[in-house]
Amino acid sequence: MNLNLTPPGAGGQPPAAMSRAGWHLRANAPAVFWLVALVVVVLIHRNIPASGWLMVHLLLLGAVTNSILVWSWHFAQALLRGPNPSSRGMVLRLVLLNVAVLAVVVSVPANIWALTLAGSILVGGVVAAHAVTLGRRARTALPSRFGATVWYYVAACLLLPVGAGVGAALASGVGGEAHARLLLVHLTVNVLGFVGLTVLGTLMTLLPTMLHTRVADGAESVARHGAVPLLAGVLVTAAGAAAGATFLCTVGLLIYLGAVVYVCVPLAKVVRGRPPVTFAPLSALAAVAWLAVSLVWLVLLTVTSGGWEALHHGIEVVAPVLAAGFAAQVLGAALTYLAPVVLGGGPSILRHRAAMLDKAAVFRVVLTNGALLVSLLPVPSLVRVGTTFLVLAGLAWFLPLLGMALLKKPSQAPGAGPTPTPRPGVVAYDPAPGSRWGMAATGLAVVVLVIVAGIMADPAALSGLNRAGAQTAAHATGQTTTVEMTMKNMRFHPDKVSVPVGNKLVINVTNEDTMVHDLVTAGGAESGRLYPGEKASVAVGVVGTGMDGWCSIVGHRQQGMVFTIVATGAPAPASGSTPPPADAGGMAGMDHGTPAAGAPSAASLLDFMKEPAADFTARDAALPPLQPGTVHELTLTVSEAEREVAPGVRQKLWMFNGTAPGPTLHGKVGDKFKIKLVNDGSLGHSIDLHAGALAPDRPMRTINPGESLTYTFTATRAGIWMYHCSTMPMSLHIANGMFGAVVIDPPKLPPVAREYVLIQSELYLGTQGGVADLAKIQADTPDAVVFNGYANQYDSRPLAARAGERVRVWVLDAGPNRASSFHIVGGQFDTVWSEGRYLIDGSDPAAGSQTLGLAAAQGGFVELTFPQPGNYPFVSHVMVDAERGAHGLFKVEAGG
């Protein structure tokens, strides 16, 4: 039997080709939108709370659910005999579904549970209504050979409301064993039930059509009976999880696995008779293979986990495999085959679109599945990151191909004969065997290159793997040691774990701190990034020797966030064993680590003496004018970017509003400031504004990436006040650019011709393009001391003044460590204000000062009149600091 899966139009009459094509373009647009959103989230996931949850649900809840509704409607019309209902109800269901999906994917990361509940109810209601519509259509249809397939869709859609309700319960904050049990119910009902029944029912007719061959003998009987054991397996597994009976879960999964094998028997016959060579059937078969692997994996987990906590960790590992390996691949396969068929447009356009979507078919399938397999192995973290992005690339390749297939028209040489009309399902591109093998080899080569590059970029990981090898070389006892660990106050509790040699170690870690942390071990195990309140179960493996563990987020290990694993009966690790770099934490790690001891810094003293490039623009040192009114609102956005800090020297800075120092605020005593802090960085940050006096608990708290807070204060005292990030290690955050000044004018401050702001700080350079070196900060050995963030910038771009005019210079020592002694060579200060009081007020013409001495975080201003034109250097008279960058010039011209 060779099926024609192009449905008739509503009312049983074939619609116009453009009408059908237009309907499918609009109906499938939401699925494509959610796929694009998924790609964007994967690329910026470090800055998004609950990014792992979001990635899975953008795919499954967004793209896959939309596609199931659209294509189950399509196949119901194709397979059932009789008049078809109007599509108006279908359009309404799609609109409501996407409103509900949007509500869920926004509310869960934002922790708005009421909106999550409302969205889940609406998702369940829409899909249940779809099931009722399909069921009514199936009951009134005339008998057809594969009409039973529609009942797979009905059963699948009736399961999803249950899964949506369980998902809402999970989002409410259920913890402990209950969370693990509900998670298995959620996975079983939604992925194995809703997605699995739909896919397996569809493939019985779609796969032979993809291969342009007949349906295998016996397939009709399998189609009629296969849904029952599949549904039974889902229900038994879900019931076992709900009841806390892992044995019942094992039985249910085995029933489901047996049903998958039963359904795949006629598919195997088809494939044996017509081996796949194009993308759609290859990707579909790979998806079914990953479904089978995941089922076996889940069976083993339920048998060997020994408890729900360990099973919870296993489920969280399997879920992304089901999402990427099974759901994403089968979705790509279906859309690749079906899009050209339903969009129509004539034989040449159909063939053109099919060939476009099939480009690099074997390469993409091998790349995706090879990289996915490697990412699941115990490989170094950077290898896992690289292969994960290969999986993304292989899966997302479909999107630009679809765009090109829709936009680019086929060309035909002048005088060419008419193009023969292809039968539905025929692809114009059928690569030769040699070409297929070449593409497969190329895909494997890319995976191997990423593995090699990951190891070369992180050589320390090899020692971790060797240590892991030593672990597994120990005689396994078959016992598991499970440890409960918390992260709080920049510490692991407990900080020492004892494990009998040969036991497996599982660490269940909970982040009870207010900032993001992670857990890594010298053996290569890792938790991934954990936001406050999040948990992870880290499988360390069989313990053969002692080892260290730590938080790899920059600065946290140096602040004491470490622990030790002691293998009883084996020597403990040597103190200070070398960790892998902080950015080796895979998708959950950080992209900026502290340099290893002995790593070359970005610059030498000679670099600070060089002239900057001709197009260099120095920071404007002029004090911003006072703003009107007494209430000042400002948003300070935390960002990360490479910036030049000396000629040819670049560092990755953490900044307020894209500059280091941050913007200078200016106000009067009594003014009110409303500061909104937005964290667009990749780790926790905060703000401490010295100009305000208030309890620090809430306004100065650390906020995680994607969060914000509002800091409101009234300026009650005059001076130049420092603001800075106060997240620990505070010295690192300040040294890496997170500081600025607030100038509050003293009452009756007289006007002057010019006012400048100079903020002194230190540079503790890491590697070129890296962040500050915490070891140098702690040793107080700066590479440079600078004004306004750049070494010697005002030597080549002097500050302007005129002889005889009065100049006020506000000076702040931001530190984090060094004191300053501000001096202008050739000038004398007749007015000096320091830390809230005048030391010299200008009233005595015989009184003067040569320096303004400031400790770290102190500030003040000086006033002077330059006596004649010339170049007047200004420095910190701590001369070693002046010689390493704390230097500039006033260029004084003749008075006008």
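Residues numbered from 1 in each chain as written. Predicted model: local features only at pLDDT ≥ 70, side-chain atom pairs only at ≥ 80, totals over all residues. Heavy atoms only, no water.

Draft legend 1. Seen up close, empty space enclosed by the protein. One pass over the structure, following the stated rule, counts six cavities of 30 Å³ or more. Quantified by volume, the largest cavity comes out at close to 250 Å³. Lining the largest cavity are 17 residues, and of these Ile68, Thr198, Val199, Val330 and Ala334 sit closest to its centre. Where the lining of the largest cavity is concerned, the elements lending two or more residues are helix H2 (51–79), helix H6 (176–210) and helix H11 (308–343). Tallied by class, the residues present in the lining of the largest cavity amount to 13 nonpolar, four polar and no charged. (1 Å grid on protein atoms, 1.4 Å probe; cavity = no way out; pocket = protein on both sides within 12 Å on 5 of 7 lines; lining within 4 Å. Points joined across faces, edges and corners; volume = space filled by probe spheres on them. Helix = DSSP H or I, 4+ residues; strand = E, 2+ residues; numbered from the N terminus. Nonpolar A, V, L, I, M, F, W, Y, C, P; charged D, E, K, R; others polar.)

Draft legend 2. Molecular detail of the pattern of salt bridges. Summed over all chains, the structure comprises 13 salt bridges. With its nearest N and O atoms 2.9 Å apart, the salt bridge here joins Arg806 to Glu863. Taken together, the residues span a long stretch of sequence, with Arg806 in strand E20 (residues 806–815) and Glu863 in strand E25 (residues 859–865) at a distance of 57 residues. Judged by its relative accessible area of 26%, Arg806 falls in the partly exposed class. (Salt bridge = Lys/Arg side-chain N within 4 Å of Asp/Glu carboxyl O. Buried < 20%, exposed > 50% of the residue type's maximum accessible area, 1.4 Å probe, protein only.)

Draft legend 3. Molecular detail of H6. Of all bends in H6, the biggest is about 50°, found at Leu203. Along H6, 30 of the 35 residues are buried, which leaves the element largely enclosed by surrounding structure. (Bend = angle between axes of the 7 residues up to and from the residue.)

Draft legend 4. Looking closely at the nonpolar core. Ranked by size, the top nonpolar core spans 130 residues in total, and within it Leu230 and Tyr256 carry the most contacts. Tallying contributions element by element places H11 first for this core, with 20 residues. Dropping the residues within four chain positions of it, Leu230 is found in contact with Tyr152, Leu197, Leu200, Tyr256, Ala259, Val260 and Val263. By size, the runner-up hydrophobic cluster in this structure holds 61 residues, among which are Ile675, Leu683, Ile687 and Val742. (Core = buried A, V, L, I, M, F, W, Y, C linked by side-chain atoms within 4.5 Å. Contact = heavy atoms within 4.5 Å.)

Draft legend 5. Layout of the packing of helix H9 (residues 246–273) against helix H10 (residues 279–304). Between H9 and H10, the least distance of the axes is 9 Å, while the angle of their chain directions is 160°. Between H9 and H10, the angle falls in the class roughly antiparallel. As for how H9 packs across H10, the hand of that crossing is left-handed. Across the interface between the two elements, Thr246, Cys249, Thr250, Leu253, Leu254, Tyr256, Leu257, Val260, Cys264 and Val271 from H9 touch Leu285, Val288, Leu291, Ala292, Leu295, Val296, Leu298, Val299, Thr302 and Val303 from H10. Partitioned by chemical class, the residues of the contact of H9 with H10 number 17 nonpolar, three polar and no charged. (Axes fitted to C-alpha atoms, helices over the stretch in contact; angles between N-to-C directions. Parallel < 35°, antiparallel > 145°, perpendicular 65-115°, else oblique. Left-handed = near helix turned anticlockwise from the far one by under 90°.)

Draft legend 6. Layout of the environment of Met730. Among the structural elements, Met730 can be located in helix H19 (residues 730–735). You can call Met730 partly exposed: its relative accessible area is 29%. Distance in space between the C-alpha atoms of Met730 and His685 is 9.7 Å, their sequence separation being 45 residues. Leave out the neighbours within four places in its chain, and Met730 touches His724 and Cys725.

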